[in-house]
Amino acid sequence: MKKAMTISYEVGNNLYLNLTNKCPCSCTFCIRNSADGAYGSDPLWLEHEPTITEIMEDIDKRDLAKYNEVVFCGYGEPTCRLDTVIAVAEELKERPSCPLLRINTNGLSDLINGRSTAESLCSVLDIISVSLNAGTKDEYMKVTRPKYPEAFEAMQKFTADCVKTGNAEVIMSVVDVIPQEQIDASRAIAEKIGAVLRVREFEE
């Protein structure tokens, strides 16, 4: 019998949603380069992108009340399926047991979707966590390897737009494998935008 693909998976007290394997970046430290899953999950490579119905049916197998957060984050960039993220978030918000909703994103949603998207996302999500990855454009392009030449600027604009909505907590994150001067430069960017910087531990 073929194993079902992994749409949702648990990490600590949070439930993660794996909606797509598409991503416009090829980060040097991406866990996809060395593993099929994350944090002990089953493989996160999808046979197909799950429909909203499939996602909600998968979530219905879980006890939402036991989680601190539901996180849109899997083996791809969730804003590649912006409308699906918004639709699922709207459905979850209707539930009395809905925990906080967070998205882990590369911040390139505007480029991916060809329009400003901060308002749409911040209207349904509680926390926006943007992968800053580096404190300078040169280092960002080297580490993140995005397909868009203007990615560094677009990511910062998206983050600033999210802050301006006032509707969600906005975090920018870097991984602790980068040099201290890059972490310091990243903190300066986050402070200028009005976001909080989170330094994440690198997961092998």
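Our subject is the structure that appears above.
Thresholds applied
Residues numbered from 1 in each chain as written. Predicted model: local features only at pLDDT ≥ 70, side-chain atom pairs only at ≥ 80, totals over all residues. Heavy atoms only, no water. Core = buried A, V, L, I, M, F, W, Y, C linked by side-chain atoms within 4.5 Å. Buried < 20%, exposed > 50% of the residue type's maximum accessible area, 1.4 Å probe, protein only. Contact = heavy atoms within 4.5 Å. Pairing = 2+ DSSP bridges. Helix = DSSP H or I, 4+ residues; strand = E, 2+ residues; numbered from the N terminus. Axes fitted to C-alpha atoms, helices over the stretch in contact; angles between N-to-C directions. Arc of directions from axis to C-beta. Disulfide = S-S within 2.5 Å. Salt bridge = Lys/Arg side-chain N within 4 Å of Asp/Glu carboxyl O. Polar contact = N/O pair within 3.5 Å; in protein donor to acceptor, adjacent residues only side chain to side chain. Expected span 1.5 Å × (residues − 1).

**Student:** Hey, could you run me through the nonpolar core in this one?
**Tutor:** A general feature of soluble globular proteins is that nonpolar side chains tend to end up buried together. Core analysis: the biggest nonpolar cluster contains 53 residues, and Phe72, Leu121, Leu125, Ile128 and Met172 have the highest contact counts within it. Not counting residues up to four positions away in its chain, the partners in contact with Ile128 are Ile103, Thr105, Leu121, Cys122, Phe158, Cys162, Ala168, Glu169, Val170 and Ile171.

**Student:** How do you make sense of the sheet that holds strand 6 (residues 169-175) when you look at a structure like this?
**Tutor:** By definition, the strands of a sheet pair up through backbone hydrogen bonds, in either a parallel or an antiparallel sense. The strand order across the open sheet built from seven strands is 1-2-3-4-5-6-7, with neighbouring strands paired in mixed fashion. Each of the sheet's edge strands pairs with one partner strand only, and the pair in question is strand 1 (8-11) and strand 7 (196-200). On average, adjacent strands in this sheet sit at an angle of 25 degrees to one another, irrespective of strand direction. By the bridge criterion, four bridges tie strand 1 to strand 2 (residues 14-17) in an arrangement that is antiparallel. Note that in strand 2 the partner of Glu10 across the bridge is Leu15.

**Student:** Would you mind going over helix 1 (residues 52-59) with me for this structure?
**Tutor:** One full turn of an α-helix is made of 3.6 residues, so residues set three or four places apart face in the same direction. Considered for burial, the residues of helix 1 that qualify are Ile55, Met56, Asp58 and Ile59. Projection of helix 1 onto a plane perpendicular to its axis shows the buried side chains occupying an angular sector of 160 degrees, all on one side. Where helix 1 is buried, its residues contact strand 1, strand 2 and helix 2 (82-93).

**Student:** Where do I start with the state of the cysteines in this structure?
**Tutor:** In protein structure, a disulfide is the covalent linkage between the sulfur atoms of two cysteines. Under the counting rule described, the total for this entry stands at zero disulfides. In this structure Cys27 is not part of a disulfide, and its nearest cysteine sulfur, from Cys25, lies 5.1 Å away.

**Student:** Even after reading the chapter, I still don't get the pattern of salt bridges, so can you show me in this structure?
**Tutor:** Side chains carrying opposite charge are able to pair once their charged atoms draw close together. Scanning all chains against the criterion turns up twelve salt bridges. Its salt-bridge partner being Lys66, residue Glu10 comes within 3.2 Å of it at the nearest N-O pair. You can see Glu10 sitting in strand 1 and its partner Lys66 sitting in the loop between helix 1 and strand 3 (69-72), a full 56 residues away along the chain. For Lys66, a relative accessible area of 48% puts it in the partly exposed group. The shortest N-O distance in the salt bridge between Glu49 and Lys22 comes to 3.8 Å. Separated by 27 residues along the polypeptide, Glu49 in the loop between strand 2 and helix 1 and Lys22 in the loop between strand 2 and helix 1 bring together distant segments of the chain.

**Student:** It is not clear to me how the side chain of Thr144 should be interpreted in this structure. Could you clarify?
**Tutor:** With respect to the helices, strands and loops of the structure, Thr144 is situated in helix 5 (residues 137-144). Take Thr144: its relative accessible area is 1%, and that puts it in the buried class. At 3.1 Å, the side chain of Thr144 forms a polar contact with the side chain of Asn133. In this structure, Thr144 is in contact with Cys25, Ser26, Cys27 and Asn133, ignoring residues within four places of it in sequence.

**Student:** Sorry if this is basic, but what is going on with helix 6 (residues 151-165) here?
**Tutor:** The terminal C-alpha atoms of helix 6, which comprises 15 residues, lie 21 Å apart, in line with the 21 Å expected from a rise of 1.5 Å per residue. For helix 6, the complete set of buried residues consists of Ala151, Phe152, Ala154, Met155, Phe158, Thr159, Ala160, Asp161, Cys162 and Thr165.

No statement about biological role is implied by the geometric values presented.
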